[in-house]
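Here is what each chain is made of, one letter per residue.
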Amino acid sequence: MENIKFIPRDEIETHLEAARRIAEGFESRGMVGDSAPGYYIQTFGCQQNEADSERLAGLAKLMGYRAVSSPDEASLILVNTCAIREHAEKKALSIIGEYKHIREKNPELIVGVGGCMVTQRHRADKFKMSYPYVGFTFDTGAIHLVPSLVLKVMQKKGRSFVISDEYKIAEGLPTVRREGGAAWLSIMYGCNNFCSYCIVPYVRGRERSRLPEDILAEARELIAGGAKEITLLGQNVNSYGRDLDCGETIASLIKKICALEGDFRIRFMTSHPKDASEELLEVVATEPKVVKHFHLPVQSGSSEVLRRMNRRYTAEHYKAIIDSLKEKMPDISLTTDIIVGFPGETEEDFEATLEMLRYVKYDMIFSFIYSPRIGTPAAAMEDQIPAEVSGARFKRLLSLQDEICEERNRRFVGRRVKVLVEGVSKSDGGMLTGRGDMARPVHFKGDESLIGSFAELEITSCGSYSLEGKLI
Ligand code: SF4
């Protein structure tokens, strides 16, 4: 286990102590309860970022701040950025640009920017040079430093732009969990795969698995706190445990979590197809607490494009995993990620992706037009696809998937399903939203007291994007 890197407990404690000092400062000025200064966290990107933001919220709370719902009310704004696509970076830059006006009205406002974007040196430098009101940036391995960085700004000791030399696991940080009964549980950080289009291994470091006992302790805590759904998170959860040298795998870990007492269910993401073991597929099929939904990013249906993406599986191998899943669980819900317009993608390659959609019949896809990321091999590849070609292919992909979605959703109509009630529907305030084994949300009428618990529904109708049901 010598290759596991943890931040020593006393080092974490130093930064938690800084948080307590800030809180004491507020307390001494009567700034507690409703009078406490506000914190606002803006999160971009994936579930891992959302989980990181829960730890940022935990630290902000320990510093004595209270959550507010708008940046205008905040004395501390933390932005957790994403670097996966250029669009996400531009959006973050634009929003952070607007904070300048809030800072002009409130010179005491502290703004910190973290996440994948500022783990890239050129982005951190941009904040240093062009965003003077940003007090600090912190990379994905430096969340635990935030209280000390805030304290430094408060003490007018200068701005900080942290990019770590080495990424380590920070255990024991406080967390503010999201509401609604569903909880994130990070089981590992980083990625070793270096898909040729992806920036993640450069901004989140190499794979680091948390110890099984730490994960189980957190799972127990979540269940005791009322969590009904735990989503195990990692960039590639299928390689969980390889760096631990203790024989633990994602499959054995899921079994141990399922063995914990309580009425809860398990999801996991993301799964790399090259590491999707039969053992894992079997656990999904046989453990009643595991949701019968598998998210398996294919990215392209062309083996040649997959080779250039450095995905290390072929379209045939991917289909064999799907066949195995369907054989074990004929009704399983399947979702995927797809990149359209990867450099050199021919019309034939794209047709192979459409063919993959027809073969698998995904319940839902997350599709994106390829976005070159500085520093990745694909950005330097010849044959970048013109935007109009990618755009036209993207539309064809969505149109085919819309038909498949409706067909897939229809199988639920008339069925009884158990869903976790996640909250009030975002599109219709008079409805609640729940999620079960199906990939799409179910909207239904019900009392808000149901939020965070399981409900039995009968599915009454569906469209391409959602289902409707009624309480039984
Ligand atoms: S598996 Fe590939 S796409 Fe996923 S995070 Fe790692 S490098 Fe990126």
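Residues numbered from 1 in each chain as written. Predicted model: local features only at pLDDT ≥ 70, side-chain atom pairs only at ≥ 80, totals over all residues. Heavy atoms only, no water.

Across its full length, the protein chain holds 13 helices and 19 strands. Its C-alpha radius of gyration of 23 Å places the protein chain within 12% of the 23 Å reference for a compact globule of 472 residues. With respect to the three principal axes, the spread of C-alpha positions in the protein chain is 65 × 55 × 50 Å. Buried positions account for 56% of the 472 residues belonging to the protein chain. Counting contacts in the protein chain only where the partners sit at least 6 residues apart, residues at least 24 apart contribute 75% of the total. Accessible area for the protein chain stands at about 20200 Å²; split by element, carbon and sulfur atoms hold 51% of it. (Helix = DSSP H or I, 4+ residues; strand = E, 2+ residues; numbered from the N terminus. Rg over C-alpha atoms; globule rule 2.2 N^0.38 Å. Buried < 20%, exposed > 50% of the residue type's maximum accessible area, 1.4 Å probe, protein only. Contact = heavy atoms within 4.5 Å. Areas by Shrake-Rupley, 256 points an atom, 1.4 Å probe, with all protein chains shown as cover.)

For strand S13 (residues 333-340), the buried fraction is high: eight of the eight residues fall into the buried class. The alternating pattern of S13 places Ser 333, Thr 335, Asp 337 and Ile 339 on one face and Leu 334, Thr 336, Ile 338 and Val 340 on the opposite face, and all of these are buried. In this sheet, S13 lies alongside strand S12 (residues 293-295) in parallel orientation, the contact comprising three bridges. Note on S13: the bridge partner recorded for His 293 is Ser 333. Taken together, S13, helix H12 (residues 347-360) and strand S14 (residues 364-369) form a β-α-β motif whose crossover is right-handed. (Pairing = 2+ DSSP bridges. Right-handed = clockwise from strand over helix to strand, strands pointing away.)

Spatially, the six strands line up as an open sheet ordered S2-S1-S3-S4-S5-S6, and their pairing is parallel. Whereas interior strands pair on both sides, the edge strands pair on one side only; in this sheet they are strand S2 (66-67) and strand S6 (160-162). Its contacts with the sheet place helix H3 (residues 86-105) against strand S1 (38-43), strand S3 (74-81), strand S4 (110-115) and strand S5 (134-138), and it is angled at close to 170° to S3. (Axes fitted to C-alpha atoms, helices over the stretch in contact; angles between N-to-C directions.)

Inspection of the entire model under this criterion finds 34 salt bridges. With its nearest N and O atoms 2.9 Å apart, the salt bridge here joins Arg 396 to Glu 351. Placement of Arg 396 in helix H13 (residues 387-410) and of Glu 351 in helix H12 is noted, with a sequence separation of 45 residues between them. Classification of Arg 396 as partly exposed rests on a relative accessible area of 33%. Salt bridges sharing common partners tie together Glu 54, Glu 171, Arg 177, Arg 210 and Glu 218. (Salt bridge = Lys/Arg side-chain N within 4 Å of Asp/Glu carboxyl O.)

The next point concerns the packing of aromatic side chains. Applying the stated criterion across every chain, the model contains nine aromatic pairs. Measuring from centroid to centroid gives 5.0 Å for Phe 26 and Tyr 65, while their planes differ by 75°, and the two rings are edge-to-face. Linking Phe 26 in helix H1 (residues 9-28) with Tyr 65 in the loop between helix H2 (47-62) and S2, this pair joins segments that are 39 residues apart in sequence. For the pair shown, Phe 26 and Tyr 65 are each scored as buried. Among the aromatic residues, ring-to-ring pairing joins Phe 127, Tyr 131 and Tyr 133 into one connected group. Sitting above the plane of the Tyr 359 ring, Lys 319 keeps its charged end 4.9 Å from the centroid. (Phe/Tyr/Trp six-rings, centres within 6.5 Å; stacked < 30°, edge-to-face > 60°. Lys NZ or Arg CZ within 6 Å of the ring centre and 35° of its normal.)

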